[in-house]
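# Remarks on the overall topology
Residues per chain are reported as follows:
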Amino acid sequence: MTTDFTETKKTATRTMTMIQAINDGMRTILERDEMSLILGEDVGKNGGVFRATDGLQGEFGEERVIDTPLSESGIIGTSVGLAVNGFKPIAEIQFMGFIYPAYDQIMTHVSRIRSRTMGRFSVPMVIRAPFGAGVRAPEIHSDSAESLFTHMPGIKVVCPATPYDAKGLLIAAVEDPDPVLYMEPMHSYRSFREEVPDNYYTVELGKGKKRLDGDDVTLITWGAMVPLVEKVAKQAGENGISCEVIDLRTLYPIDEEIIAESVQKTGRAVIIHEAQKTGGLGNDIVSIINDTAFLYLKAPVERVTGFDVPVPFSSLENHYLPTPERIIKGIEKVVHF
């Protein structure tokens, strides 16, 4: 395995959930860079709706961890002004489903300032947005709207699947000179733990990671789907199908090289994501495979996704999400084509 550490010396680690790793990442940033700050609804006194910012206002003060009015457009607009004036704001949108009032600010200002000013100004800001189904949240709380932003030149889109990546990607996002949408899979917040370094480190943006090595089929996914897909891949392996699992980690700019290399090796691909199929990022990945590995394909590329409906209420939520049964069916379809 390759290391993502930017510091080579050995360091202490702690076992963390993803939400703890995100909190620790923000603490590391605030300690390291006095121009960094956090703003959003209830991020200060209450520590955020998921407690991602728990304890940070008490440690760094109200001028660094700022409770804002309930205005997503205002949060992002304020962050743009801060960013072009030398600050590094980390703006929290409580749920990705609440990001739509801020879409105008993101589309017309966040993603375009560098271009509009011919490079004179950049917008070094991060927008944190919890997303995804499977947590029994109310309506508009569980949207997976990544494709709205991967089609928006000027902003990077990041989605960790593990606590280690969550901290490293967040620090890298804050250090990036351009804006980053940092998507946090709610279902993974407290679902498992892993060792996370106490110190500063980054995970490079724009680079995917091979989670499992295999020969028969490539499974491409991200976020909360990664642990599920790994589990399904191991089950398929018990039945004689060797699956390679690719975690994209960064959704824009996407790591075309890791996709091409894997699909050229296996000759088959299944893309798994919980967003709706129509207009989903899976379509772009199919295009990448056609551009880089078409002549290696032994079967058409398969997609296992959410359905083309709004995320339903909790009684139907598990049916909406990709299930092990649906993923296995997709794997078998391409293997036995």
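A few points on the structure. (Residues numbered from 1 in each chain as written. Predicted model: local features only at pLDDT ≥ 70, side-chain atom pairs only at ≥ 80, totals over all residues. Heavy atoms only, no water.)

### Observations regarding the sheet that holds strand β6 (residues 156-158)
Our working rule: Pairing between strands is defined by DSSP: at least two bridges between the two strands are required. A run of DSSP states H or I qualifies as a helix once it reaches four residues; a run of E qualifies as a strand once it reaches two. Both are numbered from the N-terminal end. Angles run from 0 to 180 degrees between N-to-C directions of axes, and those axes are lines fitted to C-alpha atoms, restricted for helices to the stretch in contact. Residues are treated as being in contact if the distance between any of their heavy atoms lies within 4.5 Å.
Reading across from one edge, β3-β2-β4-β5-β7-β6-β12 is the order of the seven strands in this open sheet, with mixed pairing throughout. The two strands at the open ends of the sheet, each matched to only one other strand, are β3 (65-67) and β12 (250-252). Each adjacent strand pair in this sheet contributes to an overall mean axis angle of 20°, direction not counted. Across five bridges, strand β2 (residues 36-40) lies against strand β4 (residues 88-92) in parallel orientation. If you follow Leu39 over to β4, its bridge partner there is Ala91. Sitting on the sheet, helix α7 (residues 163-175) touches β4, β5 (126-131), β6 and β7 (180-185), and the angle it makes with β7 is about 165°.

### A closer look at the nonpolar core
As a reminder, the rule being used: Buried Ala, Val, Leu, Ile, Met, Phe, Trp, Tyr and Cys residues that are joined via side-chain atoms within 4.5 Å together make up what is termed a nonpolar core. Exposure is judged per residue with a 1.4 Å probe applied to protein chains only, and the accessible area is read against the type maximum: over 50% gives exposed, under 20% gives buried, and values in between give partly exposed.
Of all hydrophobic cores here, the largest spans 46 residues; its most connected members are Ile76, Ile106, Leu181, Ile259 and Ile285. Residue assignment for this core shows that the elements contributing at least two residues are β2, α3 (72-84), α4 (103-110), β5, β7, α9 (256-266), β13 (269-276) and α10 (281-293). Examining the composition of this core, we find that six residues originate from one element, α10, more than from any other. Apart from the residues lying within four places of it in its own chain, the contact partners of Ile259 are Ile220, Leu248, Ile254, Ile285, Ile288 and Ile289. Core analysis: the second largest hydrophobic core is formed by 36 residues, Ile38, Val43, Tyr200 and Val203 among them.

### Remarks on a negative patch on the surface
The line we're drawing: The patches reported here contain residues having more than 30% relative accessible area and no salt bridge. Joining distances are 9 Å for like charges and 5 Å for nonpolar side chains (Val, Leu, Ile, Met, Phe, Trp, Tyr). Using the Shrake-Rupley algorithm and a 1.4 Å probe, accessible areas are obtained, with residue cover drawn only from the displayed protein chains. The term salt bridge refers to a pairing of a side-chain nitrogen on Lys or Arg with a carboxyl oxygen on Asp or Glu at a separation within 4 Å. We score Asp and Glu as negative and Lys and Arg as positive, and we do not count His or the chain ends. Charge placement uses NZ in Lys and CZ in Arg. For Asp and Glu, CG and CD serve respectively.
There is a patch of like negative charges on the surface, built from Asp42, Glu62, Glu63 and Asp67. In this structure, Asp42 sits in the loop between β2 and α2 (56-60). The partly exposed category is assigned to Asp42, whose relative accessible area is 35%.

### A look at the sheet that holds strand β14 (residues 302-306)
Spatially, β9-β11-β10-β13-β14 is the arrangement adopted by the five strands of the open sheet, whose pairing is mixed. The open sheet has two edge strands, β9 (209-212) and β14, and neither has a second partner. Going from strand to strand, the sheet's axes swing by 25° on average, the running direction of each strand aside. Of the pairings in the sheet, the one linking β13 to β14 comprises five bridges and is parallel in character. Bridge pairing in β14 places Ile271 opposite Arg303.

### Section: a nonpolar patch on the surface
The grouping of Tyr100, Ile140 and Leu148 at the surface amounts to a nonpolar patch, some 240 Å² of accessible area in total. Within the secondary structure, Ile140 is located in the loop between β5 and α6 (146-150).

### What to know about the environment of Asp308
Inclusion rule: Here a polar contact is recorded for every N or O atom pair within 3.5 Å, except that within protein the pair must consist of a potential hydrogen donor and a potential acceptor, and residues adjacent in sequence are included only if both atoms are side-chain atoms.
Looking at the element boundaries, Asp308 is found in the loop between β14 and α11 (314-320). Of the residues examined, Asp308 reaches a relative accessible area of 48% and is grouped as partly exposed. Separated by 25 residues in the primary sequence, Asp308 and Lys333 have C-alpha atoms spaced 21 Å apart. Ignoring any residue separated from it by four or fewer positions in sequence, one finds Asp308 in contact with Gln276, Lys277 and Thr278. Among the polar contacts listed, one links the side chain of Asp308 to the backbone nitrogen of Lys277, at a separation of 3.1 Å. In this structure the side chain of Asp308 is engaged in a polar contact, spanning 2.5 Å, whose partner is the side chain of Thr278.

Function cannot be read off these values alone, since they describe shape.
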